[in-house]
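# Close look at the chain arrangement
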Amino acid sequence: MATSSNSRLAALVKTRCQIFQTAYNPTSARTGAKYLRARLRGPSMVKYYPPVANIAELARTYKNSGVVDFAEAQRLKDVEDKKRRGKGAPPKAKDKGQSRRTARRR
């Protein structure tokens with residue numbers, strides 16, 4: 001008698017899940033449904049933090065206003081100093097004939 005009532009109870013639970021459109025999970029396996037049903041956190045976090053002011057972008061947008069990105073100016077100065085001392089980046093090849101790899105193969 002117990003097995004018939006268990007099977008009828010399982011059938012009842014299955015029917016209830018179909019009627020109320022819930023997940024039928026007879027083995028109680030973890031599904032993550034709790035987290036999938038939860039409200040997304042991303043949009044509220046984006047609203048909470050103010051937009052970041054990017055000095056480099058402002059300097060590019062308003063060139064004539066006198067906005068100076070000191071980090072970029074220092075970097076350009078350092079690159080110029082390195083080039084003057086011969087420590088700068090090597091010149092880029094204009095075509096395949098000028099590349100060092102092609103010259104080494106010959």
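Analysis parameters
- Along each chain, residue indices are assigned from 1 in the same order as the chain's sequence is written.
- A pLDDT threshold of at least 70 governs which residues receive local features in this predicted model, and a stricter bar of 80 or more applies before side-chain atom pairs are shown or counted, although totals over entire chains, interfaces and linings include all residues.
- Where side-chain values are given, they derive from all heavy atoms of the structure, hydrogens and water being excluded.
- The secondary structure listing takes helices from DSSP runs of H or I that are at least 4 residues long and strands from runs of E that are at least 2 residues long, numbered from the N terminus.
- This radius of gyration counts C-alpha atoms alone. The globule rule is 2.2 Å times how many residues there are, raised to the power 0.38.
- Burial classification: accessible surface area is computed with a 1.4 Å probe over protein chains only, and a residue below 20% of its type maximum counts as buried, one above 50% as exposed, and the rest as partly exposed.
- Every accessible area reported is derived by Shrake-Rupley at a probe size of 1.4 Å, with residue values counting cover from the shown protein chains alone.
- We score Asp and Glu as negative and Lys and Arg as positive, and we do not count His or the chain ends.
- Each charge is placed at NZ for Lys, CZ for Arg, CG for Asp and CD for Glu.
- Here, a salt bridge means any side-chain nitrogen of Lys or Arg that lies within 4 Å of a carboxyl oxygen of Asp or Glu.
- A score between 0 and 100, pLDDT records how confident the predictor is in each residue.

Let's shift gears to the overall build of the chain. Scanning the chain for helices and strands turns up six helices and zero strands. Each helix and strand of the chain, ordered N terminal to C terminal, gives the series α-α-α-α-α-α. Radius of gyration (C-alpha) of the chain: 33 Å, far over the 13 Å computed for a compact globule of 106 residues. Taking all 106 residues of the chain together, 4% fall into the buried category. Of the accessible surface of the chain, which amounts to about 11,000 Å², a share of 57% is contributed by carbon and sulfur atoms. Within the chain, one finds 26 positive and 7 negative side-chain charges whose respective centroids are separated by 19 Å.

Here we take up the pattern of salt bridges. Under the definition given, this model contains two salt bridges. With its nearest N and O atoms 2.8 Å apart, the salt bridge here joins Glu-72 to Arg-75. Of this pair, Glu-72 and Arg-75 are both found in helix H5 (residues 70-85), three residues apart, which corresponds to roughly one turn of the helix. Close ionic contact of Asp-81 with Arg-84 constitutes a salt bridge, the shortest N to O distance being 3.1 Å. Within this pair, Asp-81 and its partner Arg-84 are both found in helix H5, separated by three residues, close to a single helical turn. On the basis of relative accessible area, Asp-81 is assigned to the partly exposed category, the value being 24%. Overall, the relative accessible area of 63% leaves Arg-84 in the exposed class.

Okay, the confidence of the model for the chain next. With 94% of its residues at a pLDDT of 70 or more, the chain shows a mean pLDDT of 86. Between the elements of the chain, mean pLDDT differs from a low of 69, seen in helix H6 (residues 100-105), to a high of 93, seen in H5.

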